[in-house]
Amino acid sequence: MKNLRQVKIGETAKVVKLHGEGATKRRIMDMGITKGVEVYIRKVAPLGDPLEITVRGYELSIRKADAEMIEVE
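Residues numbered from 1 in each chain as written. Predicted model: local features only at pLDDT ≥ 70, side-chain atom pairs only at ≥ 80, totals over all residues. Heavy atoms only, no water.

Asks: Help me get a handle on the pattern of salt bridges, residues and values and all.
Replies: Inspection of the entire model under this criterion finds 6 salt bridges. Linking aspartate 66 and arginine 27 is a salt bridge whose minimum nitrogen-to-oxygen distance equals 3.0 Å. With aspartate 66 in helix 2 (residues 64-67) and arginine 27 in helix 1 (residues 22-30), this pair connects stretches of sequence that are 39 residues apart. Residue arginine 42 is joined to glutamate 59 by a salt bridge in which the shortest nitrogen-to-oxygen separation is 3.9 Å. (Salt bridge = Lys/Arg side-chain N within 4 Å of Asp/Glu carboxyl O. Helix = DSSP H or I, 4+ residues; strand = E, 2+ residues; numbered from the N terminus.)

Following this line, the structure appears as structure tokens:
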């Protein structure tokens, strides 16, 4: 499986699973990124960090390290 970091700009992916533990996983879920939700990759910063995504109708910036914890299809 691939993670959110590997999705190209302009593509939409569906969240399959969240990796990580404790506060980090909870923070990702609090941002609205949960199993089954569609995530659209809007932009990636020049050095690859952070990513700007659209999830549940709003824009969100997420760190590369956090994006690697989100498994998508």
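Asks: Which residues make up the nonpolar core, and what are the values?
Replies: Judged by nonpolar contacts, the single largest core of 19 residues is most densely connected at Leu4, Val15, Ile33, Ile53 and Ile70. Contributions of two or more residues to this core are made by strand 2 (12-18), strand 3 (38-44), strand 4 (51-55), strand 5 (58-62) and strand 6 (70-72). With residues up to four places along the chain from it excluded, the contact list for valine 15 reads Ile33, Thr34, Lys35, Gly36, Val37, Val39, Ile70, Glu71 and Val72. (Core = buried A, V, L, I, M, F, W, Y, C linked by side-chain atoms within 4.5 Å. Buried < 20%, exposed > 50% of the residue type's maximum accessible area, 1.4 Å probe, protein only. Contact = heavy atoms within 4.5 Å.)

Asks: Please set out the sheet that holds strand 4 residue by residue, giving values where relevant.
Replies: In spatial order, the strands read 1-6-2-3-4-5; together these 6 strands make up an open sheet with antiparallel pairing. Across the chains shown, the open sheet's two edge strands, defined by having one partner strand only, are strand 1 (2-3) and strand 5. Bridging between strand 2 and strand 3 involves 3 bridges; their strand directions are antiparallel. Pairing of alanine 13 across the sheet is with valine 39, part of strand 3. (Pairing = 2+ DSSP bridges.)

Asks: Which residues make up the side chain of aspartate 66, and what values do they have?
Replies: Note on aspartate 66: relative accessible area 3%, which makes it buried. Apart from the residues lying within four places of it in its own chain, the contact partners of aspartate 66 are Thr24, Arg27 and Ile28.

Asks: Hey, could you go over the environment of arginine 5 for me, with residue numbers and the actual values?
Replies: Here arginine 5 is to be found in the loop between strand 1 and strand 2. Owing to a relative accessible area of 25%, arginine 5 belongs among the partly exposed residues under this scheme. The spacing of arginine 5 and alanine 65 is 60 residues in sequence and 8.4 Å in space, taken between C-alpha atoms. Excluding anything up to four places from it in sequence, arginine 5 contacts Val44, Gly48, Leu51, Lys64, Ala67 and Glu68.

Asks: Describe unusual backbone geometry, and please don't skip the residues or the numbers.
Replies: In this chain, aspartate 49 is followed by proline 50 through a cis amide linkage whose omega measures 5°. As for its position among the elements, proline 50 is in the loop between strand 3 and strand 4. At arginine 56, a residue that is not glycine, the phi angle is positive and equals roughly 55°. Looking at the element boundaries, arginine 56 is found in the loop between strand 4 and strand 5. Exposure remark for arginine 56: the relative accessible area of 51% places this residue in the exposed category.

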